[in-house]
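# Observations on the model geometry
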Amino acid sequence: MNETPEKPAAAKKAVAKKTAAAAGQAPARTTAAKQTASKKAAAGKTPAKQTPARKPESRVAMVRRARRINRELAELYPYAHPELDFTNPFELLVATVLSAQTTDLRVNQTTPRLFAVCPTPEDMAAMDPERLEELIRPTGFFRAKAKSLLGLSAALRDRFGGEVPGRLEDLVTLPGVGRKTANVVLGNAFGVPGITVDTHFGRLARRFGWTTAEDAEKVEADVAGIFPKSEWTMLSHRVVFHGRRVCHSRKPACGACAIAPLCPAYGEGETDPEKAKKLLKYELGGQPGQRLKPPADYPGQPAPPMAPPAAAS
């Protein structure tokens, strides 16, 4: 972001007051004001009363604001969906395991070859480890992921008749499957409500003031106490969509954010509307999405398949 020209002192003071008011705090005293107050105190005079800080938001007010944010996000992303390509619970389970420490796009570009070779848990459990590692190499951490995939496939074959179970208690017993992965599978393959706390969801939940927790399970519990269970799965999609497209980690596009008036963290990112607009990603920025086969109502472009390896010279 370019530096802005130096502003006159009066303008600086006005901006400082406005920024402090937006944050719900009284503006800080300038050095001159402090000196004047000290002189008045020394002369036995009482300095002018400072503007009191805004009262902390009540629980009821926070819940109302949170639910309004959810409604606004529903209007902004009526097409929100899981951004992993899948056609059945097993494919979604495998894709979600592969999505750790990489993008959904990279997973979607990798899984077509993988599922062509091993479409079932039985097929994957029988895979040669080195062959499986090679197939999933583009997703990173391929040795650890291959070990998890072989383990969960064998468990599905041996303990669940080759079927992905539809209970969280069973899913989290599978190698490489935690609550986040289990909730993704339950919510999107079985229609069981769940809150998916990935890095995007956790970041926005804290920015929105829904939680102060860093631990994913605590974030999940805090957010679950705010929204009705029927909203959990779609809430997860909407928040993650917003985090990937607008409310980025390092430079949020605050000036292009539809829910800026409801956000306590407004101002952490770029507030100039034109500059913020340039930070938008995926369909909001006119760029391809992450799925090679997105839902029919997705307004953006499908992602391109992985480029074939260059021919050896």
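Here's what I pulled together on the structure shown here. (Residues numbered from 1 in each chain as written. Predicted model: local features only at pLDDT ≥ 70, side-chain atom pairs only at ≥ 80, totals over all residues. Heavy atoms only, no water.)

### A look at the pattern of salt bridges
Any two side chains of opposite charge can pair, so long as their charged atoms come close to each other. Inspection of the entire model under this criterion finds 15 salt bridges. The closest approach of N and O atoms between Arg157 and Asp158, which form a salt bridge, is 2.7 Å. Under the relative-accessibility criterion, Arg157 is labelled partly exposed at 37%. Given the relative accessible area of 53%, Asp158 is considered exposed. (Salt bridge = Lys/Arg side-chain N within 4 Å of Asp/Glu carboxyl O. Buried < 20%, exposed > 50% of the residue type's maximum accessible area, 1.4 Å probe, protein only.)

### Details of the packing of aromatic side chains
Within the structure shown, the criterion is met by six aromatic pairs. Plain terms: the ring middles of Phe208 and Trp210 are 5.1 Å apart, the flat faces sit at 55° to each other, and that makes the pair tilted. Of the two residues, Phe208 and Trp210, neither departs from the other in class, the shared state being buried. Feature note: the residues Tyr77, Tyr79, Phe241 and Tyr298 constitute an aromatic cluster, connected by ring pairs. A cation over a ring is seen here: Arg137 above Phe142, with NZ or CZ 4.3 Å from the ring centre. (Phe/Tyr/Trp six-rings, centres within 6.5 Å; stacked < 30°, edge-to-face > 60°. Lys NZ or Arg CZ within 6 Å of the ring centre and 35° of its normal.)

### Considering the side chain of Arg203
Looking at where Arg203 falls in the secondary structure, it is placed in helix α11 (residues 199-207). Asp198 is the oppositely charged side chain nearest to the buried, salt-bridge-free Arg203, at an N-O distance of 7.2 Å. (Helix = DSSP H or I, 4+ residues; strand = E, 2+ residues; numbered from the N terminus. Lys, Arg positive; Asp, Glu negative; His and termini not counted.)

Everything listed is a geometric property; what it means functionally is a separate question.
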